[in-house]
Amino acid sequence: MTRHVRALFLSDIHLGTRACQADHLLAFLKEYECDHLFLVGDIIDFWAMSRAVYWPASHNTIVQKVLKKARHNTKVFLIPGNHDELLREHVDSNFGDVHLVREHVHTAADGKKYLLLHGDEYDQITALHRWVSILGDISYTFLIHLNRGLSWLRRKLGVSGHWSLADYAKRNVLQAVSFISDFETAVARTAAQRGLDGVICGHIHTAAMRNIENITYINCGDWVDSCTAVVEHQDGRMELLRWEPPVAAANDEQGKVVRLHTPDAA
Ligand SMILES: [Mn+2]
């Protein structure tokens, strides 16, 4: 059954890399139709592709699905991130029906205004020390690969549910914890300075939806590890979702959408 939402927000898909969970994203996209599709950066990972290209058919299918939506009734906006910063040279132009913008203000159905940006400008590590960031990227990729092995083991043992090594590391390494909260606060304050109600971003691969200094801070997460997305319902209510892949690899088992958080829920 397809659900029709007002807007769908995705970030950090990292097409062109082995880490991209393209099949899960395709399964998720089948469940949703939307009036607006916002791609909030790091959609195609040109940065990783300069080292090695990994582009199976499923990555083409994702591009085709997006273009098909754009041709029909969906307004598609693409905000380049740091891994697809090549596209930043072309902001404010249209590629077919895809609008390329540096950032965007989205007015939700309830009148709330959200600042949409990728977020790397607020990441001091990326902004100041690109080499440190590339090293970080490589060790992060290593953690994701290691997690693949662990997930396989968990499935064999019949353990269900999502558990991420990279996520565990981020939450338990003190430096990472303060990095995430510094980033979230900096982005939320930018939205406040512009007189907006909230911000929707990506970049740090940590999905979130919460209130920071009276600003609704929303991070779409990613499709390399957490498989998370944000939707706006017809009434303007925002919701954070996670795609939960099937536990067993059996053909008849299907994944499902898990509701992570919605701010206005009773
Ligand atoms: Mn990024």
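Our structure's up above, just so we're on the same page.
Position labels on residues start from 1 in each chain and follow its written sequence. Side-chain atom pairs in this predicted model are given and counted only at pLDDT of 80 or more, local residue features only at pLDDT of at least 70, and totals for whole chains, interfaces and linings cover all residues.

## Section: the overall build of the chain
Okay, so step 1: Helix and strand counts for the chain stand at seven helices and 13 strands.
Okay, so step 2: By residue count, 36% of the 266 residues in the chain fall in the buried class.
Okay, so step 3: Whether two residues are in contact depends on their C-beta atoms, placed from the backbone: they are in contact if these lie within 7 Å. A fraction of 65% describes how many contacts in the chain between residues 6 or more apart in sequence connect residues 24 or more apart. Numbering of helices and strands starts at the N terminus; helices are DSSP runs of H or I of at least 4 residues and strands are runs of E of at least 2. Put simply, a residue is buried when 20 or more other C-beta atoms lie within 10 Å of its own C-beta and exposed when 12 or fewer do; between those, it is partly exposed, and each C-beta is set from the backbone.

## Section: the packing of helix H1 (residues 22–30) against helix H3 (residues 57–71)
Okay, so step 1: Axis angles are defined between N-to-C directions and span 0 to 180 degrees, where every axis is a line fitted to C-alpha atoms and, for a helix, only to the segment in contact. Two elements in contact, H1 and H3, have axes separated by 9 Å at closest approach and are oriented at 30°. By the criterion of interaxial angle, the relationship of H1 to H3 is roughly parallel. Handedness of the crossing formed by H1 with H3: left-handed. Contacts between H1 and H3 involve Ala22, Asp23, Leu25, Leu26 and Leu29 on the former and, on the latter, Ser58, His59, Thr61, Ile62 and Lys65.
Okay, so step 2: When its residues are assigned to classes, the contact of H1 with H3 shows five nonpolar, three polar and two charged. For classification purposes, an angle smaller than 35 degrees is called roughly parallel, one larger than 145 roughly antiparallel, one from 65 to 115 roughly perpendicular, and anything else oblique. Working rule for handedness: look at the near helix, and if it is turned counterclockwise from the far one by less than a right angle, call the crossing left-handed; if clockwise, right-handed. Ten residues, namely Ala, Val, Leu, Ile, Met, Phe, Trp, Tyr, Cys and Pro, are considered nonpolar, four, namely Asp, Glu, Lys and Arg, are considered charged, and the remaining ones, Gly among them, are considered polar.

## Things to note about the nonpolar core
Okay, so step 1: Phe9, Val40, Val199 and Ile200 are the most contacted members of the largest nonpolar core, which totals 59 residues.
Okay, so step 2: Top contributing element to this core by residue count: strand S1 (residues 3–10), with five residues.
Okay, so step 3: Look past the residues within four positions of Ile200 in its chain and what remains in contact with it is Phe9, Val40, Tyr114, Leu116, Ile218, Cys220 and Val230. For our purposes the nonpolar core covers buried Ala, Val, Leu, Ile, Met, Phe, Trp, Tyr and Cys residues that link as a set through C-beta atoms within 7 Å.

## What to know about the sheet that holds strand S6 (residues 104–107)
Okay, so step 1: A pair of strands is labelled paired if DSSP reports no fewer than 2 bridges between them. Here we have five strands laid out as an open sheet, ordered S6-S7-S8-S10-S9, and mixed in their pairing. This sheet does not close on itself; its edge strands, each paired only once, are S6 and strand S9 (208–212). Going from strand to strand, the sheet's axes swing by 25° on average, the running direction of each strand aside.

## A few points about the pairing of strand S8 (residues 198–201)
Okay, so step 1: The side-chain alternation of S8 yields two buried faces, one formed by Gly198 and Ile200 and the other by Val199 and Cys201.
Okay, so step 2: Where strand S7 (residues 113–116) lies against S8, three bridges are found, and the strand directions are parallel. When the bridges of S8 are listed, Leu116 appears paired with Ile200.
Okay, so step 3: Two elements, S8 and strand S10 (residues 215–219), share four bridges in a ladder whose sense is parallel. Within S10, the residue paired with Gly198 across the bridge is Thr216.

## Here's the deal with the sheet that holds strand S5 (residues 98–100)
Okay, so step 1: If you walk across this open sheet you meet the eight strands as S4-S5-S3-S2-S1-S11-S12-S13, and the pairing is mixed. The open sheet is flanked by strand S4 (94–95) and strand S13 (256–261), the only strands paired with a single partner.

## Structural notes on H1
Think of an α-helix as 3.6 residues a turn; residues three or four steps apart then line up on the same face.
Okay, so step 1: By the burial criterion, the buried members of H1 are Ala22, Leu25, Phe28 and Leu29. For H1, the arc enclosing every buried residue in end-on projection is 120°, short of the 170-degree limit, so these residues lie on one face.
Okay, so step 2: Close packing links the buried residues of H1 with strand S2 (32–39), H3, strand S11 (228–232) and strand S12 (238–244). In this context, the arc is that of the directions from the helix axis out to the C-beta atoms.

## Some remarks on the environment of Leu29
Okay, so step 1: If you trace the backbone, Leu29 turns up in helix H1.
Okay, so step 2: Considered as a pair, Leu29 and Thr2 are 27 residues apart in the sequence and their alpha carbons are 9.2 Å apart.

## Things to note about the environment of Cys34
Okay, so step 1: Structurally, Cys34 is set in strand S2.
Okay, so step 2: Taking the C-alpha atoms as reference, Cys34 lies 9.8 Å from Phe9; in sequence the two are 25 residues apart.
Okay, so step 3: Here Cys34 is in contact with Val5, Arg6, Ala7, Leu8 and Thr74, once residues within four sequence places are set aside.

## A closer look at H3
Okay, so step 1: Helix span, as expected, comes to 1.5 Å for every residue beyond the first. End to end, H3 covers 21 Å across 15 residues, agreeing with the expected 21 Å (1.5 Å per residue, within 8%).
Okay, so step 2: Within H3, burial applies to His59, Ile62, Val66, Lys69 and Ala70. Axial view of H3: buried residues confined to an arc of 105°, hence all on one face. What points out from H3, more than 90 degrees from its buried face, is the exposed set Ala57, Asn60, Gln64, Lys68 and Arg71.
Okay, so step 3: Those residues of H3 that are buried are in contact with H1, S2, strand S3 (75–78) and S5.

These results come straight from atomic positions and should not be treated as a statement about function.
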